[in-house]
Amino acid sequence: MSKRGASEFVDRVVALMEPMIVGYQREGRRYVTLSLGCTGGKHRSVAVAEALAERLKSEDVATILVHRDLGRE
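Keep in mind it's a predicted model, so treat the numbers as computed, not measured.

Calculation criteria
- Residues numbered from 1 in each chain as written.
- Predicted model: local features only at pLDDT ≥ 70, side-chain atom pairs only at ≥ 80, totals over all residues.
- Heavy atoms only, no water.
- Helix = DSSP H or I, 4+ residues; strand = E, 2+ residues; numbered from the N terminus.
- Buried < 20%, exposed > 50% of the residue type's maximum accessible area, 1.4 Å probe, protein only.
- Contact = heavy atoms within 4.5 Å.
- Areas by Shrake-Rupley, 256 points an atom, 1.4 Å probe, with all protein chains shown as cover.
- Lys, Arg positive; Asp, Glu negative; His and termini not counted.
- Charge placed at Lys NZ, Arg CZ, Asp CG, Glu CD.
- Core = buried A, V, L, I, M, F, W, Y, C linked by side-chain atoms within 4.5 Å.
- Salt bridge = Lys/Arg side-chain N within 4 Å of Asp/Glu carboxyl O.
- Expected span 1.5 Å × (residues − 1).
- Phe/Tyr/Trp six-rings, centres within 6.5 Å; stacked < 30°, edge-to-face > 60°.
- Lys NZ or Arg CZ within 6 Å of the ring centre and 35° of its normal.

**Some remarks on the overall build of the chain**
Scanning the chain for helices and strands turns up 2 helices and 0 strands. With the principal axes as the frame, the chain shows a C-alpha extent of 40 × 25 × 20 Å. For the chain, with 73 residues in total, the buried portion stands at 23%. Taking the contacts inside the chain whose residues are at least 6 apart along the sequence as the reference set, 51% of them involve residues at least 24 apart. Within the structure as shown, the chain displays about 6,100 Å² of accessible surface, and the carbon and sulfur contribution to it stands at 51%. Of the side-chain charges in the chain, 12 are positive and 10 negative, and the distance between the mean point of each set is 5 Å.

**Notes on the nonpolar core**
By size, the foremost hydrophobic cluster in this structure holds 9 residues: Val10, Val13, Val14, Met17, Ile21, Val48, Leu52, Leu56 and Val61. Of the residues forming this core, the biggest block, 5 residues, is contributed by helix 1 (residues 3-26). If we skip the residues at most four places from it in the chain, Leu52 touches Val10, Val13, Val14, Leu34 and Leu36.

**Observations concerning the pattern of salt bridges**
It is possible for side chains bearing opposite charge to pair when their charged atoms get close. This model, assessed by the stated rule, comprises 4 salt bridges. Between Glu8 and Arg12 there is a salt bridge, with its nearest N and O atoms 2.9 Å apart. Here the residue Glu8 and the residue Arg12 both occupy positions in helix 1, the gap between them amounting to 4 residues, near one helical turn. With a shortest N-O distance of 3.4 Å, Lys57 and Glu54 are connected by a salt bridge.

**Side note on helix 2 (residues 44-56)**
In this model, helix 2 (13 residues) spans 18 Å end to end at C-alpha, consistent with the 18 Å of a helix rising 1.5 Å per residue. Along helix 2, the positions that sit buried rather than exposed are Ser45, Val46, Val48, Ala49, Leu52, Ala53 and Leu56.

**What about the environment of Leu70?**
Tracing the backbone shows Leu70 in the segment after helix 2. Along the backbone, Leu70 and Val46 are 24 residues apart, and their C-alpha atoms lie at a distance of 8.0 Å.

**Here we look at the packing of aromatic side chains**
For any pair of aromatic rings, the description consists of the separation of the ring centres together with the inter-plane angle of the planes. Scanning the model with the defined rule gives 0 aromatic pairs in all. Above the plane of the ring of Tyr24 lies Arg29, whose end atom (NZ or CZ) is 5.6 Å from the centre.

**Describing the side chain of Ser45**
Here Ser45 lies in helix 2. When its relative accessible area of 10% is taken as the criterion, Ser45 is described as buried. If we skip the residues at most four places from it in the chain, Ser45 touches Leu36, Gly37 and Cys38.

Structural data, given as structure tokens:
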């Protein structure tokens, strides 16, 4: 995936998640789990997950980022 393609992907996921997060907050839900993966789980999914966490966090939304496969060799 090119850098441009990754940026577009992040934009689209954020656009999908923002209204969903608002709905979850309205319903009193405490968390949403979003998982990403790629072959190997050490490059693209790491970069995209970090970009998404940064874009989605706000005063009202805390993000916890876990890289499940990073460091597993």
